[in-house]
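Here are the chains, one letter per residue:
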Amino acid sequence: MNVGLKTQILPAGEAAVAAAARVLAAGGLVAFPTETVYGLGADATNAAAIAHLYQAKGRPAFNPLIAHVGDIDAARRIARFDAQASALAKAFWPGPLTLVLPKAKDCPVADLATAGLETIAIRVPAHAVARDILRAFGGPVVAPSANLSGHVSPTTAAHVQSDLAGRIDLIVDGGPVEVGVESTIVGCFAEPVLLRPGGLPRGDIERVLGRPLAQPPADGDDGQPLAPGMLASHYAPRTRVRLDAGSVEDGEALLAFGPDAVAGVDAATAVMNLSVRGDLDEAAANLFGYLRALDVRGARGIAVMPVPHHGLGEAINDRLRRAAVERD
Ligand code: TXA
Ligand code: MG
C-alpha cells in the first residue's frame, strides 16, 4: 500500500490543472471535483495506475469504474451507442448521467477498470475543473468517488483529505460540489435499466426515452449484481442510522428535512437539517456532508426524518437506505 505518499493539495486553477494532467500521465492518482461528488482519477488505459487506485480506496477489484471523457466523440471511441444511448447522451451530457454500454472493439480502457465485463460505464462530467483536467490530459480517466471504500462519497476537498491523505498524489480543491449525490447510472440494454438513482432524476430520463426505466433485477444472470458497486451497505457511516423517524430517541442525533419539528428534538445530541424549506436539490447537496458531520458526534444513533421520493428524493432515499443497513 502506498500510504506515506505526500499528498499535494492545490486550489483549482491553471497550475492545478497542469499538475493534474502531469500526475495522470505519470500513472498517479488525482482527486478532483465533478458536479456530483469528488472523483479519484487515474489514466484509464494504465493498468498499474488502476491497480494503485483500487488499493488506495481499499476497493474490491471486481467493482468496475466509470470512464470519464470530455465529449461524446471521445465516448464513441470506447463504447458502442445505439439510438437510445445517443439520445440520452445528446440530452444530458455533459451532466450527472452515466451510461453503461457495450465496449467498442478497440476499447483502450484497461480490462482491470471494467472488472472483465463486456460493458463499460461512461460519463461526461459538467464541472469546469473536471473538464479542464480531461482536456489537458487528453484521454479517458477512470474515477470512482474519492472516498475510502464503504464510506460516504466526498462533496468537499476536506472530505477527500480525511479519507485519502497519504494514499494519493494530488487533490484539486474546487470548493463544495453542486449536486451532492453520484451520477444516475442507466444500463443501455435492450430494455433500458436504472442501475443507480442519482443526480439526474428518473423522470427527466424517461421523458427523453419515451418509456419507463426498468428496475434492475437483484442479481445478474451469473449471480453478480448488475451494478456491482451497489452493495447493500455501500454508503455507510459508523453510527447506526434509523430511517423514517417521527421522533428522536435518547442519545440520538437528528438528520432533519423540512420545516416541521419532531418530538424529542430538544434533547438530540446534534441536529442538522438537509433543507429547512424542503428543497430536494438542496437536501442532496447537503446529504453526505451532514452524514459525515453527524457521524463524528458520538451519538448512539442518527434518526433520519422521512424524505419525499420524487426528483432527487429517489437518490437521497437510496443512499439513506444503504446507510441504514445493519452491519457488524
Ligand atoms: O457521480 C459519479 O458517478 C462519481 C463521479 C466521480 O463521477 N463516480 C462514482 O463512481 O460514483 P463509483 O465508482 O463510486 O461508482 C460507480 C458505479 C459502481 O456502482 C459500479 O459498480 C458501477 O458504477 N459500474 C461501473 N461499471 C459498470 C458496468 N460496466 N456495469 C454496471 N455497473 C457498473
Ligand atoms: Mg463510490
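Shown above is the structure to which this text applies.
Reference entry: report on the structure contained in this document.

Conventions used here
- Counting of residues starts from 1 at the beginning of each chain's written sequence and follows it residue by residue.
- Here the convention is simple: chains get letters from A, ligands get numbers from 1, in the order in which they are written.
- For a predicted model such as this one, the threshold for reporting local features is a pLDDT of at least 70, and the threshold for listing and counting side-chain atom pairs is 80 or more; totals across whole chains, interfaces and linings nevertheless cover every residue.
- Values shown for side chains rest on all heavy atoms present in the structure; no hydrogens or waters enter the calculation.
- Ring pairs shown here join Phe, Tyr and Trp side chains whose ring centres sit within 6.5 Å, with only the six-membered ring taken for Trp; geometry is labelled stacked below 30 degrees between planes, edge-to-face above 60, and tilted in between.
- Strands here mean DSSP runs of E at least two residues long; helices mean DSSP runs of H or I at least four residues long; both are numbered from the N terminus.
- Classification of residues uses two cut-offs on accessible area relative to the type maximum, computed with a 1.4 Å probe and protein chains only: under 20% is buried, over 50% is exposed, and between them is partly exposed.
- Side-chain atoms within 4.5 Å link the members of a nonpolar core, which is a set of buried Ala, Val, Leu, Ile, Met, Phe, Trp, Tyr and Cys residues.
- Two residues qualify as a contact provided that any one of their heavy atoms is within 4.5 Å of a heavy atom in the partner residue.
- One less than the number of residues in a helix, times 1.5 Å, gives the span that helix is expected to have.
- Bend at a given residue is defined as the angle between two axes, one fitted to the seven residues that end at that position and one fitted to the seven that begin there.
- Any pair of N or O atoms that falls within 3.5 Å is considered a polar contact. Within protein, one atom must be able to donate a hydrogen and the other to accept it, and sequence-neighbouring residues count only if both atoms are side-chain atoms.
- Working note: the arc is built from the helix axis to C-beta atom directions.
- Within this document, salt bridges are pairs made up of a side-chain nitrogen of Lys or Arg and a carboxyl oxygen of Asp or Glu, the two lying within 4 Å of each other.
- At least two bridges found by DSSP between two strands are what make those strands a pair.
- What counts as an axis is a line fitted to C-alpha atoms, over the stretch in contact for a helix, and the angles between N-to-C directions run from 0 to 180 degrees.

Turning to the packing of aromatic side chains, a few remarks are in order. One pass over the full model with this rule turns up one aromatic pair. Measuring from ring centre to ring centre gives 6.0 Å for F81 and W93, while their planes differ by 80°; the resulting arrangement is edge-to-face. Of this pair, F81 sits in the loop between α3 (72-76) and α4 (83-92) while W93 sits in the loop between α4 and β5 (97-102), placing them twelve residues apart in sequence. With respect to burial, F81 and W93 carry one shared label: buried.

By size, the foremost hydrophobic cluster in this structure holds 49 residues, and its most contacted members are F81, W93, L97, L99, I122, I168 and I205. Apart from residues no more than four positions distant in its own chain, L99 is found in contact with F81, A85, L88, A89, W93, I120, A121, I122, V186 and C188. Counting residues in hydrophobic clusters, the runner-up holds 26 residues, among them V179, L294, I316 and A323.

With that settled, consider helix α8 (residues 280-295). Under the 1.5 Å per step criterion, the end-to-end length of α8 is 22 Å for 16 residues, consistent within 8% with the ideal 22 Å. Its axis deflected by about 45° at L287, α8 carries its strongest bend there. Listing the buried residues of α8 in full gives L280, A283, A284, N286, L287, F288, G289, L291, R292, L294 and D295. A distance of 2.9 Å separates the backbone nitrogen of D281 from a side-chain oxygen at the start of α8, and that oxygen is part of D279.

Moving on, we come to helix α7 (residues 202-209). One full turn of an α-helix is made of 3.6 residues, so residues set three or four places apart face in the same direction. Buried residues of α7: R202, I205 and L209, and no others. Each buried residue of α7 lies within a common arc of 70° when the element is viewed along its axis, so the set occupies one face. Residues of α7 that are buried make contact with α4, β5, β9 (184-187), β10 (193-196) and α9 (313-323). G210, located one to two residues past α7, shows a positive phi value of around 70°.

Looking at where R123 falls in the secondary structure, it is placed in strand β6 (residues 119-123). A distance of 2.9 Å separates the side chain of R123 from the side chain of T34, its partner in a polar contact.

Once their charged atoms are close, side chains differing in charge can pair, the charge on each being opposite to the other. One pass over the structure, following the stated rule, counts 16 salt bridges. Residues D318 and R321 are paired through a salt bridge, measuring 3.2 Å at the closest nitrogen-oxygen approach. Placement of both D318 and R321 in helix α9 is noted, with a separation of three residues, approximately one turn of the helix. Residue D318 is classed as buried on the basis of its relative accessible area, which comes to 5%. Judged by relative accessible area, which is 48%, R321 ranks as partly exposed. In the salt-bridge network here, residues are joined through shared partners; they are E182, D318, R319, R321 and R322.

It is worth spelling out the sheet that holds β10 at this point. If you walk across this open sheet you meet the ten strands as β1-β8-β2-β3-β7-β4-β6-β5-β9-β10, and the pairing is mixed. Each edge of the open sheet carries a strand with a single partner, namely β1 (8-11) and β10. In this structure, strand β4 (residues 66-68) lies alongside strand β7 (residues 141-142), joined through two bridges in antiparallel fashion. Its bridge partner lying in β7, H68 is registered against V141. Running at roughly 155° to β5, α4 makes contact with β5 and β9 of the sheet.

Within strand β3 (residues 38-43), six of the six residues are buried, leaving the element largely enclosed by the surrounding structure. Pairing geometry for strand β2 (residues 30-33) and β3, over four bridges, is antiparallel. Across the sheet, V30 pairs through a bridge with G41, a residue of β3. Linkage of β2 to β3, two consecutive antiparallel strands, is achieved through a turn of four residues.

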